[in-house]
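Residues per chain are reported as follows:
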Amino acid sequence: MAVDTAVAGTQMSVNFNHLRSFYAVASERSVTRAARRLNISQPTLSKQLKALEERYKVKLIEGIRPPLTLTNAGQALYERAQALFGIADEIDALLGEDDPESAAILRLGTDSPPIAADFMAAFLAKVPQTRFRVTIANALQTNELLMKAQVDIAIICEPKVDPDYSYVPLYQDRLVAIVPARWSDDGRSEFLLDSIADHVLLVREASSRTLAATKRLLTEAEISTGRTMELHTREMIREGVAHGLGISLMFERECPPDNRIRILPIETGSGAVKVEGYLAIRTERRRMPHMKAALKVAAEMRLRT
């Protein structure tokens, strides 16, 4: 009888890979994103999930298109799996399988190269062996990279908040006016926002956080623009201003010194001119040594601003 019990116990022990696949799908609510996160094919992931459901004769996930829905059993299993994998990460850290001194590669996504460079320098001062792989995109695209697990850490301006992620305030910035060096300011040291309709306004693409902040500021001030010209990168906008194509509003930290342009503060008492940037990571990973180091660096950077 003892042998039979042992055999039965072995047969019913949960398959760890199948459970991890379920946890990834339940977290992402998408088979596609979960497959990217685990670095396996979608058919393999679907097969593992189906095997888990068939083995225990229970339906865990419903739906075909994301966001997928968890059944009651799926929600209960998800909560227990979340605790399990959190402990597993802690065990990995305890046993040195994620040694912060190791030459790990951290995938960093950012919509602000200057802030990202500051963060990398501060991180490398603490963990010198770390290597970075950096992807630069606008805020919306950077957020998508994080959600699809294509980056480990994201530095984003005013991200869309997701309950599965942790957001740590990292920096503050403000919109400033970028004008040609020969700009006639009539002795003013600030840019008059209501004069913006008199000039061609160079703007970023529709999904840009800079454009969203610009629109918010102008809407609050009840100011309409005149002619606009869409240029897709901050570098192209700076070149456009330098060559007299128009003026623009940009974040101050994204404006390196350039003798061809002038950077003017905007004359406004509106708080809409200011924005907040965050470091974002998946909450379940915040106990891992490299993520802990990232959060500590972010907190220290925030204190300096």
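Residues numbered from 1 in each chain as written. Predicted model: local features only at pLDDT ≥ 70, side-chain atom pairs only at ≥ 80, totals over all residues. Heavy atoms only, no water.

Asker: Looking at this model, I keep getting lost on the pattern of salt bridges. Mind explaining?
Answerer: Pairing between side chains becomes possible if they bear opposite charge and their charged atoms approach one another. Tallied over the entire structure, the rule returns 14 salt bridges. Note that glutamate 54 is salt-bridged to lysine 50, the shortest N-O span being 3.9 Å. Remark: lysine 50 and glutamate 54 occur in helix 4 (residues 42-56); sequence separation between them is 4 residues, near one turn of the helix. The class of glutamate 54 is partly exposed, set by a relative accessible area of 46%. In this structure, arginine 204 and glutamate 205 form a salt bridge, with 3.2 Å as the shortest nitrogen-oxygen distance. On the basis of relative accessible area, glutamate 205 is assigned to the buried category, the value being 9%. (Salt bridge = Lys/Arg side-chain N within 4 Å of Asp/Glu carboxyl O. Helix = DSSP H or I, 4+ residues; strand = E, 2+ residues; numbered from the N terminus. Buried < 20%, exposed > 50% of the residue type's maximum accessible area, 1.4 Å probe, protein only.)

Asker: What exactly am I supposed to notice about empty space enclosed by the protein here?
Answerer: Unfilled space is identified by rolling a water-sized probe across the atoms. Throughout the structure, instances matching the rule amount to 3 cavities of 30 Å³ or more. The space that makes up the largest cavity amounts to roughly 90 Å³. Lining the largest cavity are 15 residues, with Asp111, Thr210, Arg234, Phe251 and Glu254 positioned closest to its centre. For the lining of the largest cavity, the secondary structure elements donating two or more residues are strand 6 (165-180) and helix 8 (209-220). In terms of residue class, the lining of the largest cavity is made up of 5 nonpolar, 4 polar and 6 charged. (1 Å grid on protein atoms, 1.4 Å probe; cavity = no way out; pocket = protein on both sides within 12 Å on 5 of 7 lines; lining within 4 Å. Points joined across faces, edges and corners; volume = space filled by probe spheres on them. Nonpolar A, V, L, I, M, F, W, Y, C, P; charged D, E, K, R; others polar.)

Asker: How should I be thinking about helix 8 in this particular structure?
Answerer: The periodicity of an α-helix, 3.6 residues per turn, causes residues three or four positions apart to be oriented the same way. Spanning 12 residues, helix 8 covers 16 Å between terminal C-alpha atoms, matching the ideal 16 Å at 1.5 Å per step. Considered for burial, the residues of helix 8 that qualify are Thr210, Leu211, Ala213, Thr214, Leu217 and Leu218. The arc enclosing the buried residues of helix 8, seen along the axis, measures out at 160 degrees, which places them on a common side. For helix 8, the exposed residues set more than 90 degrees away from the buried face come down to Lys215, Thr219 and Glu220. Of the surrounding elements, those touching the buried residues of helix 8 are strand 6, strand 8 (201-203), strand 10 (248-251), strand 11 (261-267) and strand 12 (274-282). Looking one or two residues beyond helix 8, the residue adopting positive phi is glutamate 222, at roughly 55 degrees. (Expected span 1.5 Å × (residues − 1). Arc of directions from axis to C-beta. Contact = heavy atoms within 4.5 Å.)

Asker: What is the right way to look at the packing of aromatic side chains in this model?
Answerer: Remark: the centre distance and the inter-plane angle together describe each pair of aromatic rings, the angle taken between the planes. What the rule picks out here adds up to 5 aromatic pairs. Here phenylalanine 119 and phenylalanine 123 contribute two aromatic rings whose centre-to-centre distance is 5.9 Å and whose plane-to-plane angle is 40 degrees, an arrangement assigned as tilted. On the criterion of helical spacing, the pair formed by phenylalanine 119 and phenylalanine 123 is a turn pair, its members being 4 residues apart in helix 6 (residues 113-126). Phenylalanine 123 carries the same exposure label as phenylalanine 119, and that label is buried. Their ring planes at 80 degrees and their centres at 5.6 Å tell us that phenylalanine 123 and phenylalanine 132 sit as a pair that is edge-to-face. Taking the relative accessible area as the measure of exposure, phenylalanine 123 reaches 0% and is therefore buried. The exposure class assigned to phenylalanine 132 is buried, which follows from its relative accessible area of 18%. Through pairs of rings, three or more aromatic residues link up here, namely Phe119, Phe123 and Phe132. (Phe/Tyr/Trp six-rings, centres within 6.5 Å; stacked < 30°, edge-to-face > 60°.)

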